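# Tertiary structure, described
Chain by chain, the residues:
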Amino acid sequence: MAGRRRALGHRTWSDVVILAILLIFAAIIILPFINAITISFISQQEYIQNRLTMIPKAPTLSAYKNILDQGWLGLGYQNSAVISGLGWIYLLTITVITAYAITRSFPGRRVFLVYLLIPMFFSGGLVPAYLQIRNLGLINSYGAVLLPTGVSAYYILIMSSFFRSIHVSLEESARLDGASEARILLSIILPLSKAILATISLFVIVGFWNEWFSPMLYLQRAKMMPLQVYLRNIVDTSKAKLDRSVVAQAEQIYPEAVRMAAVMVTMLPIMAVYPFLQKYFVKGVMIGAVKG
């Protein structure tokens with residue numbers, strides 16, 4: 001019949017082509033990740049023979065033992081957890097309060113929105129930011145890492161868009177019962193916003209967990225360094241350290257294995273958390289696409 005689409009079962013040819021393209025992109029992402037895991041477990045000799053191997057023939061934990069022996073892993077996890085936890089609470093609190101406020105009418109609302117949007121397009125620059133942090137006496141404190149990132153216009157706009165999608169009759173009923181704005185936010189708005197809260201929380205936690213530039217710039221004490229700064233130091237100095245280590249040569253620990261092992265241990269917490277937030281993450285992204 002003219003006009004009828006040729007189908008494979010319940011799929012059309014266009015579906016098959018799109019699926020094939022997505023599978024190719026998935027392979028481009030997944031295969032290097034599997035290769036990185038494999039490199040962290042193989043010996044130097046096996047790595048030299050085949051750098052693109054996906055399955056280790058004789059797995060070894062030498063690279064991971066080398067990282068543990070350096071003593072930075074526990075402290076790095078602790079510092080990153082503190083920065084990510086405090087940053088998540090701080091940023092999410094400001095985002096929720098500000099997003100709820102701009103969905104209401106108040107004098108100067110338009111001026112406030114313009115003021116909020118300016119940092120999305122213009123930045124004060126690195127040198128002024130550093131001088132401001134130094135003048136406030138925040139060098140060598142977590143406040144230097146957390147305070148400049150507390151306001152995100154992007155997250156505020158997304159959350160305010162979601163708040164506007166909640167039916168106004170729920171708020172009106174609460175007001176008739178004598179509920180205050182704070183009560184409405186805590187008892188009605190937030191319980192209905194789990195999806196967008198989980199989505200933004202995941203982005204925020206990953207952002208703080210992967211942050212290395214600000215800590216490197218503002219934190220000068222080794223005991224305060226997060227995991228990503230230690231990882232950067234490992235990537236930069238592992239070759240020199242291993243070249244001077246007789247034990248490393250005996251165990252055939254090579255720089256690339258140490259680097260990949262360091263990458264794996266820094267990614268582990270996020271990989272462990274994501275499956276629990278995945279359903280909220282997907283729902284939140286879809287809501288943002290439809291309601292935004």
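These figures come from a predicted structure and were not determined experimentally. (Residues numbered from 1 in each chain as written. Predicted model: local features only at pLDDT ≥ 70, side-chain atom pairs only at ≥ 80, totals over all residues. Heavy atoms only, no water.)

Turning next to the nonpolar core. With 54 residues, the main nonpolar core has W72, V96, M159, F163, I189 and I200 as its most contacted residues. It is helix α4 (residues 73-102) that provides the largest number of residues to this core, a total of eight residues. (Core = buried A, V, L, I, M, F, W, Y, C linked by side-chain atoms within 4.5 Å. Buried < 20%, exposed > 50% of the residue type's maximum accessible area, 1.4 Å probe, protein only. Helix = DSSP H or I, 4+ residues; strand = E, 2+ residues; numbered from the N terminus.)

If you walk through the whole model with that rule in mind, you get eight aromatic pairs. Arranged with centres 5.0 Å apart and planes meeting at 35 degrees, the rings of F41 and Y64 form a pair that is tilted. Here the residue F41 occupies a position in the loop between α1 (13-39) and α2 (44-49), and Y64 occupies one in helix α3 (residues 62-70), the gap between them amounting to 23 residues. Exposure remark for Y64: the relative accessible area of 17% places this residue in the buried category. Between the aromatic rings of Y77 and W209, the centroid separation amounts to 6.0 Å while the plane-to-plane angle is 45 degrees, which identifies the pairing as tilted. Of the two residues, Y77 sits in helix α4 while W209 sits in helix α11 (residues 194-210), which places them 132 residues apart along the sequence. Y77 gets classed as partly exposed once you look at its relative accessible area, which sits at 23%. (Phe/Tyr/Trp six-rings, centres within 6.5 Å; stacked < 30°, edge-to-face > 60°.)

This prediction gives the chain a mean pLDDT of 82; 85% of its residues lie at or above 70. Highest mean pLDDT in the chain belongs to α4 (92); lowest belongs to helix α14 (residues 246-251) (46). In the predicted structure, residues 1-7 sits below a pLDDT of 50 and forms four contacts with residues beyond four places in sequence or in another chain. (pLDDT = per-residue confidence, 0-100. Contact = heavy atoms within 4.5 Å.)

Okay, a nonpolar patch on the surface next. On the surface, a cluster of nonpolar side chains totalling about 1,100 Å² of accessible area is made up of V17, I21, I24, F25, I28, I29, I30, L31, I34, M54 and I55. Checked against the element boundaries, M54 lands in the loop between α2 and α3. According to the relative accessible area criterion, M54 is partly exposed, its value standing at 32%. (Patch = residues over 30% accessible without salt bridge, like charges linked within 9 Å, V, L, I, M, F, W, Y side chains within 5 Å. Areas by Shrake-Rupley, 256 points an atom, 1.4 Å probe, with all protein chains shown as cover. Salt bridge = Lys/Arg side-chain N within 4 Å of Asp/Glu carboxyl O.)

On to helix α10 (residues 181-189), then. Within α10 the residues assigned to the buried category are I184, L185, I188 and I189. Across the axial projection of α10, the buried residues extend over an arc of 110 degrees, all falling on one side. Away from its buried face by more than 90 degrees, α10 exposes R183 and L186. In this structure, the buried residues of α10 make contact with α4, α8 (153-165) and α9 (168-176). (Arc of directions from axis to C-beta.)

This paragraph deals with the environment of I188. Along the chain, I188 turns up in helix α10. In sequence terms I188 and E171 are 17 residues apart; their C-alpha atoms lie 7.6 Å from each other. Once residues within four sequence positions are removed from consideration, I188 is found in contact with L170, A174 and R183.

The next subject is α1. Its 27 residues give α1 an end-to-end C-alpha distance of 39 Å, which sits within 8% of 39 Å, the value for a rise of 1.5 Å per residue. Among the residues making up α1, those that are buried are N35, A36, T38 and I39. (Expected span 1.5 Å × (residues − 1).)

Between α8 and α11, whose axes approach to 11 Å, the crossing angle comes to 170 degrees. With respect to each other, α8 and α11 are oriented roughly antiparallel. Across from Y155, I158, M159 and F162 in α8, the residues of α11 making contact are I196, L197, I200, F203 and V204. Considered class by class, the residues forming the contact of α8 with α11 number nine nonpolar, no polar and no charged. (Axes fitted to C-alpha atoms, helices over the stretch in contact; angles between N-to-C directions. Parallel < 35°, antiparallel > 145°, perpendicular 65-115°, else oblique. Nonpolar A, V, L, I, M, F, W, Y, C, P; charged D, E, K, R; others polar.)

For the structure shown, the criterion picks out five salt bridges. When the shortest N-O distance is used, the salt bridge between E181 and R175 registers 3.0 Å. Residue classification places E181 among the partly exposed positions, given a relative accessible area of 36%. Across the salt bridge formed by R259 and E256, the nearest N and O atoms sit 3.5 Å from each other. On the criterion of helical spacing, the pair formed by R259 and E256 is a turn pair, its members being three residues apart in helix α15 (residues 255-291). Overlapping salt bridges, with partners in common, bring together R104, E171, R175 and E181 in one network.

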